[in-house]
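Understanding the architecture of this molecule
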Amino acid sequence: MRALMMLFAVGCYFAFFATFLYLVGWVGGFDFMPTHVDKGPAMAPATAALVDIALIALFGIQHSAMARQSFKDGWTKVVSPVLERSVYLLATIAVLFILFRFWSPIEGTVWSVQNETGRMILWGMFWLGWAILFISTWLLNHFELFGLQQAWLHLRGKEAAPPRMRTPLFYKSVRHPLYTGFFIAFWATPDMTYSHLLAAVGFTAYILVGIAYEEKDLLRVFGNEYAEYRKQVGKIIPGIGKQG
Ligand SMILES: C[S@@+](CC[C@H](N)C(=O)[O-])C[C@H]1O[C@@H](n2cnc3c(N)ncnc32)[C@H](O)[C@@H]1O
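Everything quoted here is computed from the prediction, not taken from an experiment.

**Digging into helix 10 (residues 224–232)**
Taken together, the buried positions of helix 10 are Y226, Y229 and R230. Axial view of helix 10: buried residues confined to an arc of 100°, hence all on one face. Relative to its buried face, helix 10 has exposed residues pointing more than 90 degrees away, namely N224 and Q232. Of the surrounding elements, those touching the buried residues of helix 10 are helix 9 (194–222).

**Let's talk about the site of the ligand**
Looking at the ligand, there are 13 residues lining it, with R166, Y171, H176, L178 and E214 nearest. One of the backbone nitrogen or oxygen atoms of L178 is found 3.1 Å away from an oxygen atom of the ligand. Here an oxygen atom of the ligand and a backbone polar atom of Y179 are 3.2 Å apart. In the complex, the protein chains occlude 81% of the 570 Å² of accessible area that the ligand would expose alone.

**Description of the environment of Y213**
Inspection of the secondary structure assignment puts Y213 in helix 9. Put simply, Y213 and R68 are 145 residues apart on the chain and 7.6 Å apart in space, counted from C-alpha to C-alpha.

**Details of the pattern of salt bridges**
One side chain can pair with another of opposite charge once the charged atoms of both are near each other. For the structure shown, the criterion picks out 6 salt bridges. The partner of D191 in a salt bridge is R119, with the nearest N and O atoms 2.6 Å apart. Taken as a pair, D191 in strand 2 (residues 191–193) and R119 in helix 5 (residues 116–140) lie far apart in primary sequence, 72 residues in all. Among the salt bridges present, the one from E228 reaches K231, with a minimum N-O distance of 3.2 Å. With E228 and K231 both in helix 10 and 3 residues apart, this pair spans about one turn of that helix. The class of E228 is partly exposed, set by a relative accessible area of 31%. Looking at K231, the relative accessible area reads 43%, which means it is partly exposed. One network of salt bridges, in which partners are shared, links R68, D217 and R220.

**Quick word on the packing of helix 2 (residues 45–67) against helix 9**
Relative orientation of the contacting elements helix 2 and helix 9 amounts to 20°, with a least axis distance of 10 Å. The orientation of helix 2 relative to helix 9 falls into the category roughly parallel. Of the two possible hands of crossing, helix 2 and helix 9 adopt the one that is right-handed. Residue-level contacts link A49, D52, I53, I56, F59, G60, H63, S64 and A67 of helix 2 to L198, A199, G202, F203, Y206, G210 and D217 of helix 9.

**Quick word on the UniProt feature "transmembrane region" (unreviewed entry) in the protein**
This chain's UniProt record puts "transmembrane region" (unreviewed entry) on residues 7–30, 42–61, 82–103, 123–148 and 194–213. Taken end to end, residues 82–103 has its terminal C-alpha atoms 33 Å apart, with 86% of it in helix and 0% in strand. Between the end C-alpha atoms of residues 123–148 the distance is 32 Å, and the span holds 88% helix and 0% strand.

About the criteria used
Residues numbered from 1 in each chain as written. Predicted model: local features only at pLDDT ≥ 70, side-chain atom pairs only at ≥ 80, totals over all residues. Heavy atoms only, no water. Buried < 20%, exposed > 50% of the residue type's maximum accessible area, 1.4 Å probe, protein only. Helix = DSSP H or I, 4+ residues; strand = E, 2+ residues; numbered from the N terminus. Arc of directions from axis to C-beta. Contact = heavy atoms within 4.5 Å. Near = heavy atom within 4 Å. Polar contact = N/O pair within 3.5 Å; in protein donor to acceptor, adjacent residues only side chain to side chain. Areas by Shrake-Rupley, 256 points an atom, 1.4 Å probe, with all protein chains shown as cover. Salt bridge = Lys/Arg side-chain N within 4 Å of Asp/Glu carboxyl O. Axes fitted to C-alpha atoms, helices over the stretch in contact; angles between N-to-C directions. Parallel < 35°, antiparallel > 145°, perpendicular 65-115°, else oblique. Left-handed = near helix turned anticlockwise from the far one by under 90°. UniProt positions renumbered as here; feature names shortened; annotations may be inferred.

This is how it looks when you write it as structure tokens:
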């Protein structure tokens, strides 16, 4: 049973990794992608905007609700706590697949940088954003964040250590570097179309709301240590958004 749980966790991890790579290509709008932020089922602009907003809301509700401690407390009576994170990844994969499949492009360009150097800088920032995001998962605890550590400890018959607050590297400059990376990746594009803008605005709004809930949980888990951290370190941009 424990080995099967480990196998399930590994499967979820790799499925999520593949979905994450698709997300990078989807945001990047690369031609070889079957669908992307500017490629999908054609609809009238107003209908497309409504569908796209509903898809972002679906992602936001799933991602935020399932990450809350109050939800986890009830959910882990149904699903083993060992697999809670893996099932969370599976649900995220499902809503992202729906988004990738039904996202409808909206014609029109907000900006298009023609200068070659400008384009290169923006593409560089796009990749830098994803790199910051990916590195941040390792700075926190990559294997715990993606459910492998929980299944591995269970397989070895060991108890997980209590959660520990971490502030290495990027976390010394901002409280949410993973989201900083996400913002950079969504906004840094040489060709900002209406669909891309809608995705960037939608995910930015969702993350800003999500941070408030995440910090409520962090304050409850880490108490004064996190409260002090909030006073000293900016939220998304260094020096900006200190609280308290
Ligand atoms: C998807 S990660 C995002 C982390 C952070 N918001 C960021 O943008 O880098 C969410 C998980 O990280 C945990 N987390 C966030 N900040 C943390 C910190 N400083 N130390 C330990 N865990 C943290 C949260 O409790 C949550 O389980």
